[in-house]
Structure formats: structure tokens, C-alpha cells
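# Structural description and commentary
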2 protein chains.
Amino acid sequence: MDINGVRRFLTENDNYTILTHISPDGDTLGCGFGLCRFLRGMGKKANVVNGDGIPHRYDFLCEDYSLQDYEEKCVIAVDIADAKLMGDRLKKYQQPGAVDLCIDHHVSNTKYAKETLLDPTAGAAAMIIYEILSGMGTITREVAACLYTGIATDTGCFRFENTDYRAHLYASKLIETGIDFYSINRKMFELKSRNVAAAERAIVSEMKFFLNDKVAVNVISLETIKKYGVEPAELEGIPSVALTIEGVLAGVTVKEKAVGTYKISLRTTDELNASQICSDLGGGGHIRAAGCEIKGELSEVINKIVAKISEYM
Amino acid sequence: MDINGVRRFLTENDNYTILTHISPDGDTLGCGFGLCRFLRGMGKKANVVNGDGIPHRYDFLCEDYSLQDYEEKCVIAVDIADAKLMGDRLKKYQQPGAVDLCIDHHVSNTKYAKETLLDPTAGAAAMIIYEILSGMGTITREVAACLYTGIATDTGCFRFENTDYRAHLYASKLIETGIDFYSINRKMFELKSRNVAAAERAIVSEMKFFLNDKVAVNVISLETIKKYGVEPAELEGIPSVALTIEGVLAGVTVKEKAVGTYKISLRTTDELNASQICSDLGGGGHIRAAGCEIKGELSEVINKIVAKISEYM
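Keep in mind the model is a prediction, meaning the values are calculated, not measured.

Here we come to the environment of Cys 102 of chain B. Residue and element names in this part refer to chain B. Looking at the element boundaries, Cys 102 is found in strand E4 (residues 101–104). C-alpha of Cys 102 to C-alpha of Met 1: the two residues are 101 residues apart in sequence and 9.5 Å apart in space. When neighbours within four sequence positions are excluded, Cys 102 is seen to be in contact with Ala 77, Ile 80, Asn 109, Tyr 112, Ala 113, Glu 115, Thr 116 and Leu 117.

Moving on: the packing of aromatic side chains. Within the structure shown, the criterion is met by 11 aromatic pairs over all chains. The interplanar angle of 45 degrees and the centroid separation of 6.1 Å between the aromatic rings of Tyr 148 of chain B and Phe 158 of chain B together place this pair among those described as tilted. Within this pair, whereas Tyr 148 of chain B is found in helix H5 (residues 141–154), its partner Phe 158 of chain B is found in the loop between H5 and helix H6 (165–176), the two being separated by 10 residues in sequence. Clustering of aromatic rings is evident, with ring pairs tying together Tyr 148, Phe 158 and Phe 181 of chain A together with Tyr 148, Phe 158 and Phe 181 of chain B. Positioned above the aromatic ring of Phe 60 of chain B is the side chain of Lys 187 of chain B, whose terminal nitrogen or guanidinium carbon lies 5.0 Å from the ring centre. The lysine or arginine in question, Arg 194 of chain B, covers the ring of Phe 209 of chain A, its NZ or CZ lying 3.5 Å from the ring centre.

Of all hydrophobic cores here, the largest spans 112 residues; its most connected members are Leu 10, Leu 133 and Tyr 148 of chain A together with Leu 10, Leu 133 and Tyr 148 of chain B. Each residue touching Leu 10 of chain A, except ones within four places of it in the same chain, is listed here: Tyr 16, Leu 35, Leu 39, Met 42, Lys 44, Ile 76, Ile 132, Leu 133 and Met 136 of chain A.

At the junction of the two partners, chain A supplies 37 residues and chain B supplies 37 residues. Together, the buried faces of chain A and chain B total about 3,400 Å²; carbon and sulfur atoms form 61% of this surface. Taken together, chain A and chain B are joined by four salt bridges. With a closest N to O distance of 3.1 Å, Asp 213 of chain B and Arg 194 of chain A form a salt bridge. Here chain A is connected to chain B by 17 residue pairs in polar contact (both at pLDDT 80 or more). At the level of elements, helix H5 (165–176), helix H6 (181–190) and helix H7 (194–205) of chain A are the ones that each hand at least two residues to the side of chain A that touches chain B.

Residues and elements named next belong to chain B. Remark: helix H4 (residues 125–134) packs on H5, axes separated minimally by 8 Å, with the N-to-C direction vectors making an angle of 145 degrees. Within the contact between the two elements, H4 uses Ala 126, Met 127, Ile 129, Tyr 130 and Leu 133 and H5 uses Val 143, Leu 147, Gly 150 and Ile 151. Looking at the contact of H4 with H5 residue by residue, the class counts come to eight nonpolar, one polar and no charged.

Picture the strands of a sheet paired through backbone hydrogen bonds; they go either parallel or antiparallel. Strand order in this open sheet of six strands is E6-E7-E8-E9-E11-E10 (chain A), and the pairing throughout is mixed. Both edges of this open sheet fall to strand E6 (208–210) and strand E10 (284–285) of chain A, since each of them pairs with a single strand only.

Residue and element names in this part refer to chain B. Their axes nearest at 11 Å, the elements H4 and H6 cross at an angle of 60 degrees. The angle between the axes of H4 and H6 places the two elements in the oblique class. Here H4 and H6 pass one another in a crossing that is left-handed. Of the residues in H6, those in contact with Met 127, Tyr 130 and Glu 131 of H4 are Arg 166, Ala 167, Tyr 170, Lys 173 and Leu 174. Here the residues of the contact of H4 with H6 are counted per class, giving five nonpolar, no polar and three charged.

In screw terms, the move from chain A to chain B is a rotation of 180 degrees and a rise of 0.0 Å along the axis, fitting with an RMSD of 0.1 Å. The symmetry that links the two subunits is that of a two-fold axis. Both copies share a contact surface, since 100% of the interface residues of chain A are interface residues in chain B too.

Residues and elements named next belong to chain A. Most of strand E7 (residues 215–220) is tucked away: six of the six residues are buried. Both faces of E7 are covered, namely the face carrying Val 215, Val 217 and Val 219 and the face carrying Ala 216, Asn 218 and Ile 220. Summarising the sheet, E6 and E7 pair through three bridges and their orientation is antiparallel. Along E7, the bridge assignment pairs Phe 210 with Val 215. Where E6 hands over to E7, the hairpin turn is made up of four residues, of which Leu 211 adopts a positive phi near 50 degrees. Pairing of E7 with strand E8 (residues 250–258), which is carried by six bridges, proceeds in the parallel orientation. Looking at E8, one finds that Asn 218 is bridged to Thr 253.

Residue and element names in this part refer to chain B. Pairing within the open sheet is mixed, and its six strands lie in the order E6-E7-E8-E9-E11-E10. Of all the strands in the sheet, the pair left with one neighbour each is strand E6 (208–210) and strand E10 (284–285). Taken together, the two bridges between E10 and strand E11 (residues 289–295) define a ladder with antiparallel strand orientation. Across the sheet, residue Gly 285 finds its bridge partner in E11, namely Ala 290.

What counts as what
- Residues numbered from 1 in each chain as written.
- Chains lettered and ligands numbered in written order.
- Predicted model: local features only at pLDDT ≥ 70, side-chain atom pairs only at ≥ 80, totals over all residues.
- Heavy atoms only, no water.
- Helix = DSSP H or I, 4+ residues; strand = E, 2+ residues; numbered from the N terminus.
- Contact = heavy atoms within 4.5 Å.
- Phe/Tyr/Trp six-rings, centres within 6.5 Å; stacked < 30°, edge-to-face > 60°.
- Lys NZ or Arg CZ within 6 Å of the ring centre and 35° of its normal.
- Core = buried A, V, L, I, M, F, W, Y, C linked by side-chain atoms within 4.5 Å.
- Buried < 20%, exposed > 50% of the residue type's maximum accessible area, 1.4 Å probe, protein only.
- Buried area = accessible area lost by both parts, 1.4 Å probe.
- Salt bridge = Lys/Arg side-chain N within 4 Å of Asp/Glu carboxyl O.
- Polar contact = N/O pair within 3.5 Å; in protein donor to acceptor, adjacent residues only side chain to side chain.
- Axes fitted to C-alpha atoms, helices over the stretch in contact; angles between N-to-C directions.
- Nonpolar A, V, L, I, M, F, W, Y, C, P; charged D, E, K, R; others polar.
- Pairing = 2+ DSSP bridges.
- Parallel < 35°, antiparallel > 145°, perpendicular 65-115°, else oblique.
- Left-handed = near helix turned anticlockwise from the far one by under 90°.
- Least-squares fit on C-alpha atoms with pLDDT ≥ 70 in both.

As C-alpha cells, this is what we get:
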């Protein structure tokens, strides 16, 4: 479906359920609440549904928001590359034909929906939502705050390679609506508790280097999380740390999910394809940021991901 | 002088010396080399002059750049709020009447030049240069890289409160010229050596809290700099760290310049005016980021700045 088709779909239908992905981030939630608020502003009924629940740091996206009561007629997935990323609690939407429209920017999108608007050149799915909505009517400040959050978070506040002239142009338009973008930036990119800061320092001070210091590995253990009294979601700044070290081409974060189960986040410079490396290990993602899960002893897990990276180096 | 006056001044004259401030940052250098390259593109003669020399991290701004030989006829200061910020090596330009035109965005500008184009609402002086030049002709990729660097560095890569819709709009236009903005962002905001990363961790792990944890102080001692073998300029990320801690309203960095002499950098949230606090101590700057120098024992110096902050709290 093209962008005009999506506009018609949104105008001609009603009673929307908007799905966002598990471990929700600023982009999926910004898309979800931005689209939901816009549709409600059109007099439509719409809800945002997430299989994991929404972390408190995104509370500002849901201010003055409450679920509406209606008989669901259309299901839209935003920023969800694969039906399984809806999570177990939303299994019913994982069935073939359950999702009417998927709006996404992941090149790995599995086309699970009846219709898909996919733009893998967009740094954030919220950029696609902006393009759709800006052609349909006025974007209010409330909608703008959601879409800005999506664009800013997925582009690392306009720092990452996936930023482009469009990301800045849309941010410029969204800021013109009068949103408090600085408060959003503070919440998304700056503020952390002393405990989180201390946990980050502890983790990074144990950073391990491999393959002539071209690969750096940070480990987030359950023990560290317990010791500093932090939530795993509060340590999401860690994956970007390794690549800030000169000479590092691949930054690996190994996060202990349960004893013997580790979630791997891989960030790469333009010399390595993170998506390919993680696909080989049963995961996936973007070309510079991808993930997978590996089971085993910590040292085995690290050896496995480092060995896989070395294959591509 | 208004913006059209500046355009006429640049068109009608020749043989420009462009002055940038001591301890040069991305904005003053981006303005200087951007303007210089644009003028040379017009067939004019122009040089950039700095009283301190240019740190290696900005080498990319001066690629293919060499000084031209000519008899100086016009002197332009960019991003220099006060003549004394030219530094001792450029004393001759500090004389009254020595600077023909100053282009600046510091509200504290002392109007030392014969003519001044001042826009304190611009987050970066490079935004003013962009406005001038975009009305005069095509902005080449080389000029665009300089101006992008100025805008990105002074706005904390579009994160700080001084960012606005114009900053994003100009960034969008500059990126459209095809600059490698990601490589600039990597150099400016991400890459550091292992030594620098270790020095930063060591400094931050000793962060001191005052006034019910509302003021946080990081100390950069000559001893730390020596121990980790880093350049003081490599630790310029430190001043922004304190404000990332929840509840901190004022982040102070105390940098030992010589035994008994400390340079203070103050960053504040919107509840405190950094410029006012530092002015009281003989310094100055912006409303959220300012500096001053204090002499004495380290503990006295810390007490002095904390006491001054407490007056305004």
C-alpha cells in the first residue's frame, strides 16, 4: 500500500487498534500514540496496545490518554518487523490476516500484515507516520511530541548514520508546533539516577576487548542489576558505549536474561553488517544495530558472538 | 549591521582575516572556516586566524586549507563575545577599531567591533553564518561541513535547549549537500581513546554532591590528566555529565589549569542562570553554560562556586 492508500485507509475506516512491539522503545510508542491521537482528533476511535506494558520513562507520551471502549474493526502494527515481536500476550494478532496494515522501516519486515507500507530508508518509523499525517491535516502539539520522540530516539538524537535531511526537516516542523523537545531530550538521552550512573560505570570499567581491540564486549549480569538496584531497561545506554572507543568496529552487549540465557545487542560501524551477523545466530535487526539470543556459559556465549563477528571481519 | 549589510560588506570588500576565539570549539572554527571557504569561493582572499592553534579533532575542517598571502584589509570576528577572548597572541586585534565586523550569538557580547551582527536567539553562531551565506550563493559541501559542525557542536547534537526549528532546518539543508555528517558526529560526539574513557570514568566516579544533591562537582586535576596521559581538551565531555544525574540543577566542572588556579565550567537546568552566577565571579557565558576562573586551594574553590550557586537557588 502506498502513502495515499494509507491516508484513504485511515480516513475511510474506524475503531482502530494500534499495536506496538515488545520491549517498546520511543519509536514504536511515538508512532502508536502519535497515530492514535491524530485519529482520535479526526473523531475516530483508536487505542494503543502493547504486549509488555509501557516503561515509566515514556509516561509523558500517554498523559491524558485512556483506553476507549469500542468494537475493534481495524488493526495497525507500527514499527513491528515480525509478528512474533508483538509478544506472547498478543498472540491473537500474530495469526495470518489479523493485522490489516503494517507501517514499518525495518528492512527485515516479514510482510505478515495484509497491507504493508515499508520505507527502509526512514531512520525512524515515526518519519513515515509524519509523512502520512502531514498530508491529512494539522499535526497538533500532542501528536508532534510523540513523533518527535520516535524520530529522536531512533536516530540517537540525530547523531546516528540513519539520520538524514528528512529527519531534521520533520523535527524542524514538529518543533515549530511548540513542543517541549528539550524536556523530551532530557528524559530520553540525559537523565539517569545515581545508581544507574554507578552501574554503567561498573559495567564499562570491565569492558573486554577482542580481535586486536576491534571488538569490545560489555556484560550486564543479573548480579550487577541486583547490586545497584536498577531496572534492565535503565541500562539501555550501555550498547552504544563500546563503539565510542577509538578503533572498535563492533560493540557487543551481553545481557543476562536468566541463568544460562543471554540477550546479545550488537552495534557496528560501517565496516560490519550487524543484521547479518545476528541473523546467523537466529536474530536480526538493522544493519548497524541488531540482536540475538545465545544460551550457555557466559564465556562460551562471548566466544560464540566474537567468533561469528570474526568471520565477517 | 543587519544581515543584508553583512552580505554587502562581504561582497564589496576583500582580503579578510577571520578571527576565532581561544580554546576554539566547533562553532567558532565552523564559522571561521565556513566563511573563509565561502569567501574564497567568491574569488576573495581570506584566512582564519586563531590565538591558540587548532586542536587535532578539528583537522577535518582545515583539509586542503592553507594560509593565503595578501595585505589584510578587513577583520571579521566570529563567535567572539569579548575582545579579550582573542587571546594574548592576537593582542593587536584587541585594540578599539581593530575589528571591522563581529558576527556572534552571545548575549554577553561587548560590542567591541566597529559593526556587530548579534543574534542571541541563535543556538550557534554558525546558524547566523548560514543565514548570511544562503542568501548570497550556493553553499558547497565543504562550507556545509563547517557550518554543520558549528550547529551540531553548540547544540549538543540538537539535544540542548538552545536547539530550535531553525537549527534543524539548516541542518537539513546542509545535509542535503551530501556532507558526511555521521563521520562529523562520530568525531565530535562519540569517539574517544581507551585512556580518555578511563580518565572520564575515574573523574566521574569521584563526583561530589552538595546542597541536597542539587549541585554536582567533577574535578579534573593535573594529576589525573598526567596519570591517564590525556589532553585536557579530550575531557570536554565531562562538563555535561553532572546534569545527567536526576535531581542535579547545577553541574560544576573544576579544571586545574596550574597549581592554585582553576577553570570553572558551570552547566545549569532552567532553574538557574549560569551566566549570572559566573558573571558574579568575573566570568560569563550563556544562560545554561558559563565559566569563570577561581584561584585558591581546591576545597576553597569548590566552596566558593557552590556558595555562589546557593545564593541563586
